[in-house]
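# Examination of the molecular architecture
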Amino acid sequence: MLDRLQTLEDRYEKLNELLSDPEIISDPKKLREYSKEQSDLEDVIQTYREYKNVTTELDDAKAMLDDNLDGDMYDMVKAEISELSNTKTELEEKLKLLLLPKDPNDDKNVIMEIRGAAGGDEAALFAGDLYHMYARYAEAQGWKMEVIEANATGIGGYKEIIFMINGDGAFSKLKYENGAHRVQRVPETESGGRIHTSTATVAVIPEAEEVEVDIHEKDIRVDTFASSGPGGQSVNTTMSAVRLTHVPTGIVVSCQDGKSQIKNKEKAMTVLRARIYDKFQREAQAEYDDARKSAVGTGDRSERIRTYNFPQNRVTDHRIGLTIQKLDQILTGKIDEFIDALVIEEQTKKLEQLGE
C-alpha cells in the first residue's frame, strides 16, 4: 500500500509541474484533464502526508524511551506514543478506503426516471412523492435540477417523470436509489380505511459524454409532434415535442417539456446518450456478476429496495436491513442516513473482496 501511495504522490507532484507549464495552460483540454486528475488525488495525498508525519513523530517518541527518562517524562512519552499509535491506525484505515477502486461514474451528473408501477393512481401519487423527495434532497446539496419530461396524472402524481440533476458527486450518492420503492398507506380515495400497497420504480443513470457513446445520425429516427397535457389534450399547436428512436438498440426517448423543438431535441439526446451508455454498462456488469457477487448499488431496477410505511411512520431499506422511524422527515429530502449506511456497506464489501 505504501509503495502505491508513494507512486501517487510522485504523480501528484508531476501534475503540479504540468499545471504550471505554459504549454499546458494554453491547452484547455489538457488543463482540464490534469486539473481533474490532481483534484481526484487531493484527499489521498493530504492523508498520506499526514500519515507520514504521524509515523515520523511516533518513531521519534519511541526512540526517546531508550533514554534514561524520569518518571513524569516517561509517562508523558508513553501517553504520546499511545495517542500517535491510535492516530496512525485511523489514518491507515482511511487510506485503505481512499485507495478502494472508484466508480468512474461517481463524479457525473445524473438522469433520474421515476415511474408509477403497481397501484394505479396511488402509484402515480407515490411517484410524485419520490420526485419531491429527491428535489428537496438535491436542493439541500446545492445541486441544480431540470425536468426533461413529465407525464402528470392531474391529481398531483406522475405516471412518469424524467429529470436531470447537475452537481458534484451526484451519481455517487443517488445511485443507491436505483430500484423499486414500495409504499404502504391508506389512499385518500379509500373510504374503508384499508392500507394499500403500491410501487414506483426509480432509475438512476449517469450522464454520458459524447466521447463515451458513439451515436451515428443514421441510427436515429426523429419524430416531431404537438405537446400534450394530462388526459392527452393538446397544449401546443406547434410541433415542438420530439421523439428519438435509436434503431440498433430500440431505445426510445421523447421530450415535450420545453416550447422549443431544438431544446427538446437536445434534452432528448442527452437522455438517449445516457440510456445507451447505461445499457452497455449493465451488460458488462451482468458478465462480471456471473463471476462475482456485485456490490450494493448495482441491483436490478425491478428489485424492491425500500418500503415506506405511512401508518407507522417507518422506512426500511431491505438491502441492509436498516429501519428508520422518520418517514415524514425522509419525504422532505432527509435521506442522508440511508445513503451514508449504503456507502459504508459498499466500502465494506470492497474491502472484503480485496482481502480474498
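Residues numbered from 1 in each chain as written. Predicted model: local features only at pLDDT ≥ 70, side-chain atom pairs only at ≥ 80, totals over all residues. Heavy atoms only, no water.

Where an unreviewed UniProt entry is consulted, the protein appears under the name Peptide chain release factor 1, with the organism given as Terrihalobacillus insolitus. What UniProt records for the protein under Function (unreviewed entry) is the sentence "Peptide chain release factor 1 directs the termination of translation in response to the peptide chain termination codons UAG and UAA." (UniProt positions renumbered as here; feature names shortened; annotations may be inferred.)

## Focus: the overall build of the protein
Looking only at helices and strands, one finds 9 helices and 11 strands in the protein. Out of the 356 residues in the protein, the part that is buried amounts to 39%. Look at the contacts in the protein between residues 6 or more apart in sequence, and 62% of them connect residues 24 or more apart. Here the protein displays about 19,700 Å² of accessible surface, and carbon together with sulfur accounts for 48% of that area. (Helix = DSSP H or I, 4+ residues; strand = E, 2+ residues; numbered from the N terminus. Buried < 20%, exposed > 50% of the residue type's maximum accessible area, 1.4 Å probe, protein only. Contact = heavy atoms within 4.5 Å. Areas by Shrake-Rupley, 256 points an atom, 1.4 Å probe, with all protein chains shown as cover.)

## Some points on the environment of Ser85
Within the secondary structure layout, Ser85 lies in helix α4 (residues 71-98). In sequence terms Ser85 and Val54 are 31 residues apart; their C-alpha atoms lie 8.4 Å from each other.

## A closer look at the sheet that holds strand β3 (residues 158-166)
Strands sit in the order β2-β3-β1-β5-β4-β9-β10-β11 across an open sheet of 8 strands; the sheet is mixed. The sheet is open, and its two borders are formed by β2 (144-152) and β11 (322-324), each paired with just one other strand. Between one strand and the next, the sheet's axes are offset by a mean angle of 15°, whatever the strand orientation. Sheet topology note: the strand β4 (residues 179-185)/strand β5 (residues 196-206) ladder contains 7 bridges and is antiparallel. Its bridge partner lying in β5, Ala180 is registered against Thr201. (Pairing = 2+ DSSP bridges. Axes fitted to C-alpha atoms, helices over the stretch in contact; angles between N-to-C directions.)

## Details of the sheet that holds strand β7 (residues 241-246)
With antiparallel pairing, 3 strands are arranged side by side in an open sheet as β6-β7-β8. Of all the strands in the sheet, just β6 (220-225) and β8 (251-255) have a single pairing partner and so form its edges. Averaged over all neighbouring strand pairs, the angle between strand axes comes to 15°, with direction disregarded. One ladder, built from 6 bridges, connects β6 with β7; its direction is antiparallel. Residue Ile220 lies in a different strand from β7, and its bridge partner there is His246.

## Topic: a negative patch on the surface
On the surface, Glu57, Asp59, Asp60, Glu80 and Glu83 cluster together to form a negatively charged patch. Looking at the negative patch, the elements with two or more residues in it are α3 (28-64) and α4. In terms of residues, the negative patch owes the most to one element, α3, which gives 3 residues. Here Asp59 is to be found in helix α3. (Patch = residues over 30% accessible without salt bridge, like charges linked within 9 Å, V, L, I, M, F, W, Y side chains within 5 Å. Salt bridge = Lys/Arg side-chain N within 4 Å of Asp/Glu carboxyl O. Lys, Arg positive; Asp, Glu negative; His and termini not counted. Charge placed at Lys NZ, Arg CZ, Asp CG, Glu CD.)

## Quick look at the side chain of Lys267
With respect to the helices and strands, Lys267 occurs in helix α7 (residues 261-291). Since its relative accessible area comes to 16%, Lys267 is described here as buried. In contact with Lys267, not counting residues within four places along its chain, are Glu146, Val147, Ile148, Cys255 and Asp257.

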